[in-house]
Structures are given as C-alpha cells and as structure tokens.
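Summary of the model geometry
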Amino acid sequence: MNSNQYWTAPVVPPPTDGCDPLAFLGAAVSEFPDAFSFQSRVSRCIFINHPDLVKSAILNKDIVRTELLKTVTGETILTSEGSFWAGQRKAALPIFAAKKASEYVSVFHRQCAAQLERWAEVIEPLNFEQELDHLTLAIVSESLFSQVVDKKFCNYFRVLLDRIAKVQNASLFNHRFSILPSDNRKLTEAQNYINETADNIASASQVHDTENLIQILQEKGVDRDDGYSLKNYLRNEIITMLIAGHETTSVSLSWLLREIASRPEIEANVVREVDSVLSGQACRAEHLHQLEYLSAVLDETLRLYPPIWLVPRTAACDVVLHGIQVQKGETVVVCPFFLHRRSDYWKRPEEFNPTRFLVKKETLPMYSYLPFFASRHICIGKHFAYAEILTVAATIYQSHRIELVDDDSPKTPVGAGSLRIRGGMQTRILKRDDR
Ligand code: HEM
C-alpha cells in the first residue's frame, strides 16, 4: 500500500427507506473495504475508507463542507469554508489553546461534583445519556459564555439535533422525510427558545469582565449588506459552539463510562490510577497528563465509538482522488467508525483494548485514527474535550462507581446523527464502598 496506488469505487445498490446506516455501510465495507459508491437522494456518494484516500480528500481544498448543517445554524465556524471560516477559526483559537483548556478544569470539576451528588441520591435508574447531555451543556455554556443554560434549553436542543439527524438520514441514506405538522410546531417552538437563550447569552457576555468568545467574535462581526446582522452572527456562533461542544463529549462520556462499568479489570485500573494521581484532592489541570491509563481508555473509546462517526463533504468542482473521479456536487463520505476498524491497521480491531494507546500517539498510522478529523478542520475543541472528559471520569471514579441497570453486555451503536448507544444507558450511581 503506497500513496501512488489507484482505486475505483464500485457501485453498490442504494440504501432504502428505514435502513440502518451503519448496517448498510458495514455490508458494503465488508465487500469493498477501501472505496465504493452509491446513489443517494441528493447525489452520487463516494465512500472512501483507505487512509491514503482519506488523506487526499481531507487535504483537498475543493472538497468542502456540505450545506446540511448550514440550513440549521447559518454560516458559522462549523459550516463554512474559505476566508469567512479562516477568520472565525483565527478568532476562536486563543479560547481553545491547550493552556486555556486547563483553566476550565475547575468548572468541569464543580459542575460534575454537583451532578454526582444529585445522581447518587436518586434510587430509580437514571437515563444516563440524558444526564450527561445536561452536564456537558452546562459545562460548555459556563466555560465559554460564563452562563449555564437551563434544562428546558437542553430538551429543546434535543429536538433540533434530532431534526438534523433526520435530514442527514434522508439526504444520504434515502430515508423518507415525513414530518408531521406537530413536529414542525415543536421545532419552531424549540428554535424560538434556543434563539432567545442565545441572544440573552450574547447580551450578558458583552458586559462580562473577563474576555470571552462573544467579545472576541463581536469585534470581528458587523451588520452585513446581505442582511446577515451582527445579532444573527453572534446567535449562530453561540448555538454552533453549544452543538459542537456538548453532544460529542456527552456521547464520548456515555461510551467511556459504559466500557469502564462493564469491565471490572479496567474499572480497577482506573480507580487505582485516579486514587494515586488525585490523592484525595479535587481534580486539577496538573493531574490530567498523569492520568495516562484513563487517557488510553478514552482513546480506545473514541476509536471504537467515534461520536462524529461520519463526515460528509461535497466536491466544489470535478476532482480525482487516486483514480476515483468525483464530479462537482457529488458527496464524498469519510467514516471514522469504519476506518478505525480496519484489520490491516488495527490488530483485532473489534476488541476493546486500551493498552494499544499506551504507545506514543505519533506511532499510529497517519489518517487511520480520526475522531477529531484532521488538517484545516481538525476539531478546535480537542484539548477542551480531553480535559473535560478526563476530569468528569476521574471525579466520578474518585468516590463513586457506576452500576449498569440494563445489562453489561456489549451494546451496538446507532448512527443517529452522532453515535449513540442503541437502547440508551440506564445506570445507578453508587458510593464506591457500597458493594
Ligand atoms: C470528544 C469530543 C469531540 C469530538 C469527537 C469532536 C469531533 C469533531 C470533528 C470530527 C470535527 C470536524 C467536523 C467537520 O469538519 O465537519 C470537529 C470540528 C469542530 N469541533 Fe469538535 N469534537 C469534540 C469536542 C468539541 C468541543 C468540546 C468543542 C467546543 C467546545 C468543539 C468544537 C468544534 C468546532 C468549533 C469545530 C469546527 C472547527 C473548524 O472547522 O475550524 N468540539 N469536531
């Protein structure tokens, strides 16, 4: 295998209404592991799954973001390309630098400790995915905007994210897009509340003492001639940061905590490390780099269950990727979920084995591990996410343990927008000593 290799993208039958996207792609990958194509409702889709192909696509400036998310959030750092995107990225970078992420650790710890106390008092099983959604939204809103969004906002956010997932499944996997008038009313209600909250965050942030993302963005934004007002610009960026910065970490935490809770040996190693590193103190930034084993468990979780399991792109003009012709407007699909499970790059890929990440990350094959994507659009919140997830997991395991109420057998993922646990996750949070 070398970068001069040429590929074709054999055509597979198109997905049908109601298909499970992971099952559809999985069946095609087992026949054509490197590349294949299929017809979706919007365009021909070229699925690429070899690291060399993925690298060429990611580095190609003519393979750009699709319009999908833009229809919901407008033009923001997460949906744009070119000079607008570059300006947004440059403005936001200082807020997300590795050093800055460590400043947020006290927020991560305080928010988690408060929830933990509440969780431990609940006798009924907890819908833990929902609890983690609330926790991670509170964390990202307080860290970036010094304000905590309420539960109503979290519930309305779910409505918005479910609609995004539906649109994705309709456009890529040919699901019928049937929306009842009551669904639309609910979405409008949700959007109104989300917009109102984002506007309140924007006004309050402008008078805040400490420099925050809104103040930085405000300096860059102006009322544009095309009617895109400064108010809309700030609102869209706030909503985008809350979308990008909460569901991904929530989903990662669900899978991570489920893996730890269902594997006594891994749980014992995590507890031993947390006790030794924290020595009974509240988790602080300087502890995080010492949590080597927990970090490896997180890396392995992100390998098997990358929250952004599929990244669609559009060809802005005709391009050729190692022999594969992609025409303007066609969709190129990169899928970290399948890339991370290639048996020629990962020994026993289906096995959950954190020790594979106890090696130096640079020794991992390039473009075979992409939970945060790569190149120009590599996740700007990567350091934030690592710090947040490690702090939350360490804070929980310092004093508590998680009991899985449903069962502890391996669960299959469902590719519904982000990579959720099929059937969800019911838990009880117990004091560590209550065995
Ligand atoms: C485990 C957690 C996370 C994962 C797996 C993840 C994954 C990703 C991926 C795959 C992308 C590329 C998307 C694309 O180009 O279409 C991305 C971009 C982005 N992420 Fe994350 N993310 C995580 C956490 C966060 C957090 C905590 C924040 C903010 C607080 C954040 C903010 C962003 C933003 C703003 C972008 C767009 C970057 C750009 O294009 O310049 N992410 N993320």
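Predicted, not measured: the structure shown is a model, and the values here were computed from it.

Cut-offs used in this document
Residues numbered from 1 in each chain as written. Predicted model: local features only at pLDDT ≥ 70, side-chain atom pairs only at ≥ 80, totals over all residues. Heavy atoms only, no water. Buried < 20%, exposed > 50% of the residue type's maximum accessible area, 1.4 Å probe, protein only. Helix = DSSP H or I, 4+ residues; strand = E, 2+ residues; numbered from the N terminus. Pairing = 2+ DSSP bridges. Salt bridge = Lys/Arg side-chain N within 4 Å of Asp/Glu carboxyl O. Near = heavy atom within 4 Å. Polar contact = N/O pair within 3.5 Å; in protein donor to acceptor, adjacent residues only side chain to side chain. Nonpolar A, V, L, I, M, F, W, Y, C, P; charged D, E, K, R; others polar. Phe/Tyr/Trp six-rings, centres within 6.5 Å; stacked < 30°, edge-to-face > 60°. Lys NZ or Arg CZ within 6 Å of the ring centre and 35° of its normal. Contact = heavy atoms within 4.5 Å. Axes fitted to C-alpha atoms, helices over the stretch in contact; angles between N-to-C directions.

Points about the pairing of strand 8 (residues 331–334)
Within a regular strand, side chains alternate between the sheet's two faces. In strand 8, alternate side chains face the same way, and those of Thr331 and Val333 on one face and Val332 and Val334 on the other are all buried. Both strand 2 (residues 44–48) and strand 8 contribute to a ladder of four bridges, which runs parallel. Residue pairing in the sheet places isoleucine 48 in a bridge with valine 334 of strand 8. Summarising the sheet, strand 5 (residues 311–315) and strand 8 pair through four bridges and their orientation is antiparallel. Residue pairing across strands places proline 312 opposite valine 333, the latter belonging to strand 8.

Some points on the pattern of salt bridges
Per the stated rule, a full pass over the model turns up 26 salt bridges. Of the charged contacts, one joins arginine 235 and aspartate 199 as a salt bridge, the two residues approaching to 2.8 Å between their closest N and O atoms. Note that arginine 235 is positioned in helix 11 (residues 230–262) and aspartate 199 in helix 9 (residues 181–206), a separation of 36 residues in sequence. There is no split in this pair, since arginine 235 and aspartate 199 are both buried. Arginine 263 serves as the salt-bridge partner of glutamate 259, at 2.6 Å between the closest nitrogen and oxygen. Owing to a relative accessible area of 6%, glutamate 259 belongs among the buried residues under this scheme. The network of salt bridges with common partners includes Asp133, Arg158, Asp162, Glu247 and Arg420.

Digging into the site of the ligand
Taken together, 27 residues lie near the ligand, and Arg65, Trp85, Arg89, Arg313 and Cys379 sit nearest. One nitrogen or oxygen atom from the main chain of isoleucine 77 is found 3.5 Å from an oxygen atom belonging to the ligand. Between the ligand and arginine 89, the relevant distance is 2.7 Å, taken from an oxygen atom to a side-chain nitrogen or oxygen of the residue. Those elements giving two or more residues to the shell around the ligand turn out to be helix 4 (82–96), helix 11, strand 5 and helix 16 (382–399). Looking at the shell around the ligand, the element that brings in the most residues is helix 11, giving six residues. Tallied by class, the residues present in the shell around the ligand amount to 18 nonpolar, six polar and three charged.

Side note on the packing of aromatic side chains
Summed over all chains, the structure comprises 20 aromatic pairs. Judged by centre distance (5.1 Å) and plane angle (50°), the ring pair of phenylalanine 357 and tyrosine 369 falls under tilted. With a gap of 12 residues between them, phenylalanine 357 in the loop between helix 15 (336–339) and helix 16 and tyrosine 369 in the loop between helix 15 and helix 16 connect regions that are remote in the sequence. By the burial criterion, phenylalanine 357 is buried, and tyrosine 369 matches it. Here the aromatic cluster, defined as three or more aromatic residues joined through ring pairs, consists of Phe24, Phe36, Phe38, Phe47, Phe173, Phe337 and Phe338. Positioned above the aromatic ring of tryptophan 346 is the side chain of arginine 303, whose terminal nitrogen or guanidinium carbon lies 5.3 Å from the ring centre.

Topic: unusual backbone geometry
A positive phi angle is found at asparagine 174, which is not glycine, with a value near 60°. If you trace the backbone, asparagine 174 turns up in the loop between helix 8 (151–173) and helix 9. Even without glycine at this site, arginine 348 takes up a positive phi of about 40°.

So, the side chain of histidine 109
Structurally, histidine 109 can be placed in helix 6 (residues 105–121). In this structure histidine 109 touches Ala282, Cys283, Thr391 and Thr395, once residues within four positions along its chain are discounted.

Some words on the sheet that holds strand 1 (residues 35–39)
Ordered in space as 1-2-8-5-3, the five strands form an open sheet in which the pairing is mixed. If you trace the sheet from one side to the other, it starts and ends with strand 1 and strand 3 (63–65), each paired once. The mean angle between the axes of side-by-side strands here comes to 35°, regardless of whether they run parallel or antiparallel. Strands in contact with helix 1 (residues 21–31) are strand 1 and strand 2; relative to strand 1, the strand with the most contacts, it is inclined by about 135°.

Quick word on the sheet that holds strand 12 (residues 426–431)
Reading across the sheet, the three strands line up as 4-12-9 and stay open at both edges, with antiparallel pairing between neighbours. In this open sheet, the two edge strands, each paired with only one partner strand, are strand 4 (126–127) and strand 9 (400–404). Of the pairings in the sheet, the one linking strand 4 to strand 12 comprises two bridges and is antiparallel in character. Counterpart to leucine 126 in the pairing with strand 12 is threonine 427. Packed onto the sheet, helix 6 meets strand 4, strand 9 and strand 12 and runs at close to 100° relative to strand 12.

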